[in-house]
Amino acid sequence: DLFCLEWTISSTTITMTMSSTVTGWVAVGFTDISGKMGPSDVYFGWLDASGTPQLSDRTNGAGYVQNAPDAQQDGQVQSASISGGRLSVTFTRALDTGDVADDRVITDGMNVIWSAGTNTPTDPTATISYHQNRGFTTINFLSEAPRVSASPSPSPPPSPTPGPAGGNRFCAQGDLFCLEW
């Protein structure tokens with residue numbers, strides 16, 4: 001799969017694993033306007049040159065503008081690895097961080113954007129290179145099975161299949177995607 005997002009929810013937090021076949025960086029974000037980069041709350045993850053997992057909580061302005069690191073970093077990186085040509089980064093954040101720059105994870109469908117790039121950032125405040133892959137969907141993280149729309153062109157909805165133990169999964173492969181819960 002080009003990009004996958006897996007998540008589990010506790011009473012106060014969400015833990016997400018984002019992975020891609022592009023091994024520079026991966027990102028997931030929550031946007032006000034479906035399919036648009038901004039305004040949005042975005043989490044970028046990667047392995048730095050020494051192999052240390054990195055996560056940067058950023059805000060995209062309106063339209064297609066370069067993102068800036070948030071003053072308050074609300075994601076906690078749990079792990080990151082590159083295996084079999086796939087970068088995976090796991091992080092946890094509060095459902096409601098209390099930060100005005102962050103979107104609350106709510107019971108309604110959330111507009112989700114994802115992207116991945118080949119250049120590894122040098123540090124958590126570095127400029128993030130342009131993405132090689134990207135897409136969007138709508139996911140209801142907290143209740144019933146997520147509602148999904150693919151990009152760049154819609155695909156038929158997937159049949160439900162078992163997801164990872166205790167969690168949920170969204171995967172995109174070009175114009176195709178799968179959703180497990």
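Residues numbered from 1 in each chain as written. Predicted model: local features only at pLDDT ≥ 70, side-chain atom pairs only at ≥ 80, totals over all residues. Heavy atoms only, no water.

Asker: I would appreciate a short explanation of the packing of aromatic side chains in the present structure.
Answerer: Geometry of an aromatic ring pair is reported as the spacing of the ring centres plus the angle between the planes. One pass over the full model with this rule turns up 5 aromatic pairs. Between the aromatic rings of W7 and F141, the centroid separation amounts to 5.0 Å while the plane-to-plane angle is 75°, which identifies the pairing as edge-to-face. With W7 in strand β1 (residues 3–9) and F141 in the loop between β10 (133–139) and β11 (168–173), this residue pair connects regions lying 134 residues apart in the sequence. The class of W7 is buried, set by a relative accessible area of 2%. Plain terms: the ring middles of F30 and F141 are 6.0 Å apart, the flat faces sit at 85° to each other, and that makes the pair edge-to-face. In this pair, F30 sits in strand β3 (residues 25–31) while F141 sits in the loop between β10 and β11, placing the two residues 111 residues apart along the sequence. Across the pair, exposure class does not vary: F30 and F141 are buried alike. Here a set of aromatic residues connected by ring pairs shows up, and it is made of W7, F30 and F141. Looking at R58, its charged tip hangs above the ring of F44, at a distance of 5.8 Å from the centre. (Phe/Tyr/Trp six-rings, centres within 6.5 Å; stacked < 30°, edge-to-face > 60°. Helix = DSSP H or I, 4+ residues; strand = E, 2+ residues; numbered from the N terminus. Buried < 20%, exposed > 50% of the residue type's maximum accessible area, 1.4 Å probe, protein only. Lys NZ or Arg CZ within 6 Å of the ring centre and 35° of its normal.)

Asker: Hey, could you run me through the state of the cysteines in this one?
Answerer: Overall, the coordinates contain 1 disulfide when judged by the stated rule. Each disulfide pairs two cysteine sulfurs, and for C4 the partner residue is C171, the sulfurs being separated by 2.1 Å. Negative torsions about the S-S bond denote left-handed disulfides, and the value of about 115° found for C4 with C171 makes this one right-handed. Of the two residues, C4 is situated in strand β1 and C171 in strand β11; the sequence distance between them amounts to 167 residues. (Disulfide = S-S within 2.5 Å.)

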